[in-house]
Structure formats: structure tokens, C-alpha cells
Amino acid sequence: MFGSQYAQNNGEVFTWPDGRPFRLDYITQRFKEIIRKIPELDDRLHFHSLRASCISNLFAEDYGLKEVQKWVGQSDVEVTLKIYNKFKQKQKNRISQGLDNTFRDINPLEKHGLFLFSRSV
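Attention in this report is confined to the structure presented alongside it.

Parameters at a glance
Residues numbered from 1 in each chain as written. Predicted model: local features only at pLDDT ≥ 70, side-chain atom pairs only at ≥ 80, totals over all residues. Heavy atoms only, no water. Helix = DSSP H or I, 4+ residues; strand = E, 2+ residues; numbered from the N terminus. Buried < 20%, exposed > 50% of the residue type's maximum accessible area, 1.4 Å probe, protein only. Contact = heavy atoms within 4.5 Å. Areas by Shrake-Rupley, 256 points an atom, 1.4 Å probe, with all protein chains shown as cover. Core = buried A, V, L, I, M, F, W, Y, C linked by side-chain atoms within 4.5 Å. Expected span 1.5 Å × (residues − 1).

1. Here's the deal with the overall build of the protein chain
For step 1, the next point in the chain: A tally of helices and strands in the protein chain yields five helices and zero strands.
For step 2, the next point in the chain: The secondary structure elements of the protein chain, listed N-terminal to C-terminal, are α-α-α-α-α.
For step 3, the next point in the chain: Within the span of the protein chain, comprising 121 residues, buried residues form 12% of the whole.
For step 4, the next point in the chain: Partitioning the contacts of the protein chain with sequence separation of at least 6, the portion at a separation of at least 24 is 12%.
For step 5, the next point in the chain: Surface accessibility of the protein chain: about 10600 Å² in total, with carbon and sulfur atoms responsible for 55%.

Put into C-alpha cells, the structure is as follows:
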């Protein structure tokens, strides 16, 4: 299409159709512009947040720590481990909330002001 107008391929990952490389901050800046236009999204969301989301999703699919670390290209397992620990804590909180809701719904004694164990006031 552009024929001889294509720029030299310098091994860039993201380029314009004419071969020119994107500015280093182009994708980050464009992502921010898009986020600001969608009211349902928190404008504190960053392009790099997608990486943490990807890691959390991989853990949710039961991929192992080393597998995930290699997939996302993190050289330090501690970084992956921090995200894993956040994911596990959120998972525990979700499970805990689910159990709270279950027991709240099935406890007929509390509806009548009766408690199996005395509550301190």
C-alpha cells in the first residue's frame, strides 16, 4: 500500500501502517483517553493494570506460580507472588462473604432474637 514509503523495520513491536514506530508512551496515553471516556471505569486504571488482571485470571484458571511468571515475562518471582497473594486474599474474602450470607439466610434463631451462644453487649 505504501510501497517505498515504509520505514525501515527496526524490530519495533508496535508501528503505524507506514512502519514508523509508536511513541513510547502512545499506548499508555491512548489507553488513558479511552478509560476517561467510559464512565463505568475507574480513571485510576492504568494500561499496566491489565497485566495484573491477566495474572489474576491465570491464577483463577489454576496455573502455577512459575508458569504464570514465565508467561508474563517477570524475571522476579516476588512480583508475581505479590499479585498472587492479593488474588488469594480476594478469593478468601469472597468465600467468607458467601458463607456469611449463607448462614445469615439459614439461621432461624436470630429471626426470633434467640442465639445459640450468648452475645456480649
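2. With respect to the nonpolar core
For step 1, the next point in the chain: The biggest cluster of nonpolar side chains holds seven residues, and these are Ile-55, Leu-58, Phe-59, Val-68, Val-72, Ile-83 and Phe-87.
For step 2, the next point in the chain: For this core, the elements supplying multiple residues, two or more each, are helix H2 (49-60), helix H3 (65-72) and helix H4 (77-106).
For step 3, the next point in the chain: Broken down by element, the residue count for this core peaks at three residues, all from H2.

3. Considerations on H2
For step 1, the next point in the chain: Over its twelve residues, H2 runs 17 Å from end to end, which matches the ideal 16 Å to within 8%, given 1.5 Å per residue.
For step 2, the next point in the chain: The first or second residue beyond H2 is Asp-62, which carries a positive phi of 70 degrees.

Spatial relationships are all this shows, so hold off on functional conclusions.
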